[in-house]
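# Examination of the molecular architecture
Next come the chains, spelled out residue by residue.
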Amino acid sequence: MDIRVLQYFLTVAREETISGAAEVLHMTQPPLSRQLKELENELGKQLFIRGKRIKLTKDGMLLRKRAEEIVSLMEKTRAEVSASGEAVSGDGYDVTERLDRGLIDFGTIIEPIDVSRYDSLRLPRPDVWGLLMKKDAPLAEKEAVRPEDLRGIPLISSRQLAGENGLSGWLGYSCDKLRIAATGNLVNTLCLLAEEGAGYVFTLDGVVDFTSHSRLCFRPLEPRMESWMYLIWKKYQVFSAASELFLSSLKKMLSAESGAHQPPAQNSLNPI
């Protein structure tokens, strides 16, 4: 059974027409129909009820469930091999997308983002928000950055922070009044923009390796603004033995570190 044919099958099941599936797959209808017929012959089962809209038989619905699992596992394996041991990074939207698709078992995300769709552990210490900038930038002369300092200057933000409008509570006015020069999802890419003088980057302390970006410095926001980081995973997830051991060990470590007590949860991006 060819993985490519399973992908054809899933596309037809989703589109409910051969013509619609062929268009999505960028192929003509006759070879697609032939592949599906050969799949039915190979399995010895009728998979489709053909009509104006194609419906799955009971055997077809069973195959769809298994095919989705097989294709998801293939994509996950390809992503793991391609990563070659390197960490996969991105903003909260990237992480939850990879998690939902089954490409990763765990993800770490930072407020503001809704974690209610997942099982989660809140890590014990919050991170502090601030601006990353060139060492010779005007705001680098300050010990901290206040809301009034942001008016009119070019700012660079993660897509997540910009999309959630998470700074409004700290600013005391809408984020729409800020001059957002660029958004992105990889902090190292945003750092390159800062090094070129394109703007000031909203980020968290400790995120950037300054040995790689020695021309930059970090200044915290004032009033102080913190965000909690969460480890998340899909609800009802069935883990491998290694993942189970990782999660169990992390829970024990966090429990020992916090004395089996974590401080009450705060709202996203609360000023302190």
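Report follows, based on the coordinates. What you see is a predicted model, and the numbers here were worked out from it, not measured in a lab.

Counting 21 residues, the largest nonpolar core has Leu131, Met133, Leu150, Leu155, Tyr200 and Leu221 as the members making the most contacts within it. Broken down by secondary-structure element, the contributors of at least two residues to this core are β5 (127-134), α7 (168-171) and β8 (200-204). Each residue touching Leu155, except ones within four places of it in the same chain, is listed here: Leu131, Leu150, Leu178, Arg179, Ile180, Ala181, Ala182, Tyr200 and Phe202.

When the charged atoms of two side chains with opposite charge come close together, those side chains can pair. Enumeration over the complete set of coordinates arrives at 10 salt bridges. Across the pair Lys142 and Asp149 runs a salt bridge, and its minimum N-O distance is 3.8 Å. Take Lys142: its relative accessible area is 37%, and that puts it in the partly exposed class. Among the salt bridges present, the one from Arg224 reaches Glu226, with a minimum N-O distance of 2.8 Å.

We now examine the environment of Glu143. Its location among the elements puts Glu143 in the loop between β5 and β6 (154-158). Here Glu143 falls in the exposed class, since its relative accessible area comes to 74%. In the structure, Glu143 is positioned 76 residues away from Arg219 in sequence and 6.3 Å away in space, judged by C-alpha atoms. Not counting chain neighbours up to four residues away, the residues in contact with Glu143 comprise Arg219 and Pro220.

Next up on the list: the sheet that holds strand β11 (residues 229-234). Spatial ordering of the open sheet is given by β3-β11-β4, a layout of three strands whose pairing is antiparallel. Of all strands in the sheet, those bounded by a partner on one side alone are β3 (107-110) and β4 (118-122). Neighbour to neighbour, the strand axes of the sheet diverge by 35° on average, direction disregarded. The sheet contact formed by β3 and β11 spans four bridges and is antiparallel. Opposite Ile110, over in β11, you have Met229 as the bridge partner.

We now examine helix α2 (residues 18-25). Among the residues of α2, those classed as buried are Ile18, Gly20, Ala21 and Ala22. Structurally, α2 contributes buried residues whose contacts are with α1 (3-15) and α3 (29-43).

Here is what the cut-offs are and how they apply
Residues numbered from 1 in each chain as written. Predicted model: local features only at pLDDT ≥ 70, side-chain atom pairs only at ≥ 80, totals over all residues. Heavy atoms only, no water. Core = buried A, V, L, I, M, F, W, Y, C linked by side-chain atoms within 4.5 Å. Buried < 20%, exposed > 50% of the residue type's maximum accessible area, 1.4 Å probe, protein only. Helix = DSSP H or I, 4+ residues; strand = E, 2+ residues; numbered from the N terminus. Contact = heavy atoms within 4.5 Å. Salt bridge = Lys/Arg side-chain N within 4 Å of Asp/Glu carboxyl O. Pairing = 2+ DSSP bridges. Axes fitted to C-alpha atoms, helices over the stretch in contact; angles between N-to-C directions.

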